[in-house]
Amino acid sequence: MLRTYLRRFGFGNYLYLLISLLLFFMSYPILMEYNFGKIIVGLCFDIILFSSIYALGRNKRFFVIALFFMIITVSLKWVAYLTINETAVIASDIVNIFCFAFIAVAILTRVLEDKEIALNDIYGAVCAYLLIGLVWTYIYSVIETLHPGSFAIAQVGLDTYHKLPYLIYFSFITLTTTGYGDIH
């Protein structure tokens, strides 16, 4: 009874994923300037993965696949953060692409099969949109890592982790078709 009441007013499984995504997007550009920032942003990233598993928990097949992706993603992400090895960064980014694409498709599948649209379904659609933006961010990151200088960014000489906020920005201005032309 309480669960139905909370779901009706928007306290569903997608709200936690939406909050974790927003926390990641807001904390990344600010915290990456500090030495401890990589750890905090990495934990925000892990919270996205845990909340996505919770969001997909109603379907056992989606849950198992998401859990598999989460274990690989978290392992490769921390190896890439700690070693700053180009191969580890590329492998981590590629796994992130598949992980976030799977989660976005799984969420959209769940949202579109519901007969009645609730606030939680809207949260799920917004999460899927943000995850699609992250997929493109990591696609751009792989391209930039394999071919440095592929994107003309005003700040020259940035490492992989400091370019990611610019690639997030580029991904979403492209996704929203605003395209200011400052990154090309």
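Residues numbered from 1 in each chain as written. Predicted model: local features only at pLDDT ≥ 70, side-chain atom pairs only at ≥ 80, totals over all residues. Heavy atoms only, no water.

## Describing the overall build of the protein
Summing up its helical and strand segments, the protein has seven helices and zero strands in all. When its helices and strands are written in sequence order, the protein yields α-α-α-α-α-α-α. The 184 residues of the protein split such that 47% are buried. Carbon and sulfur atoms make up 70% of the accessible area of the protein, which totals about 10000 Å². (Helix = DSSP H or I, 4+ residues; strand = E, 2+ residues; numbered from the N terminus. Buried < 20%, exposed > 50% of the residue type's maximum accessible area, 1.4 Å probe, protein only. Areas by Shrake-Rupley, 256 points an atom, 1.4 Å probe, with all protein chains shown as cover.)

## Things to note about the environment of Y138
For Y138, the position within the fold is in helix α6 (residues 119–146). Sequence spacing of Y138 and F98 is 40 residues, and the spatial spacing of their C-alpha atoms is 9.8 Å. Those residues in contact with Y138, other than ones at most four positions away along the chain, are F24, F45, D93, N96, I97, F100 and L164. (Contact = heavy atoms within 4.5 Å.)

## Some remarks on the packing of aromatic side chains
Evaluated as defined, the whole model comprises 13 aromatic pairs. Relative to F172, the ring of F25 lies with its centre 5.4 Å away and its plane at 85°, an arrangement referred to as edge-to-face. Of this pair, F25 sits in helix α2 (residues 13–31) while F172 sits in helix α7 (residues 160–175), placing them 147 residues apart in sequence. (Phe/Tyr/Trp six-rings, centres within 6.5 Å; stacked < 30°, edge-to-face > 60°.)

## Let's talk about the pattern of salt bridges
This model, assessed by the stated rule, comprises one salt bridge. R110 serves as the salt-bridge partner of E113, at 3.6 Å between the closest nitrogen and oxygen. Of this pair, E113 and R110 both sit in helix α5 (residues 86–113), three residues apart, roughly one helical turn. Exposure remark for E113: the relative accessible area of 46% places this residue in the partly exposed category. (Salt bridge = Lys/Arg side-chain N within 4 Å of Asp/Glu carboxyl O.)

## Points about unusual backbone geometry
We note that T177 has phi near 60°; this positive angle belongs to a residue other than glycine. Mapped onto the fold, T177 is located in the segment after α7.

## Remarks on the confidence of the model for the protein
Across the protein, the average pLDDT comes to 81, with 87% of residues at or above 70. Within the protein, the element-level pLDDT minimum falls on helix α1 (residues 2–8), averaging 52, and the maximum on α6, averaging 90. (pLDDT = per-residue confidence, 0-100.)

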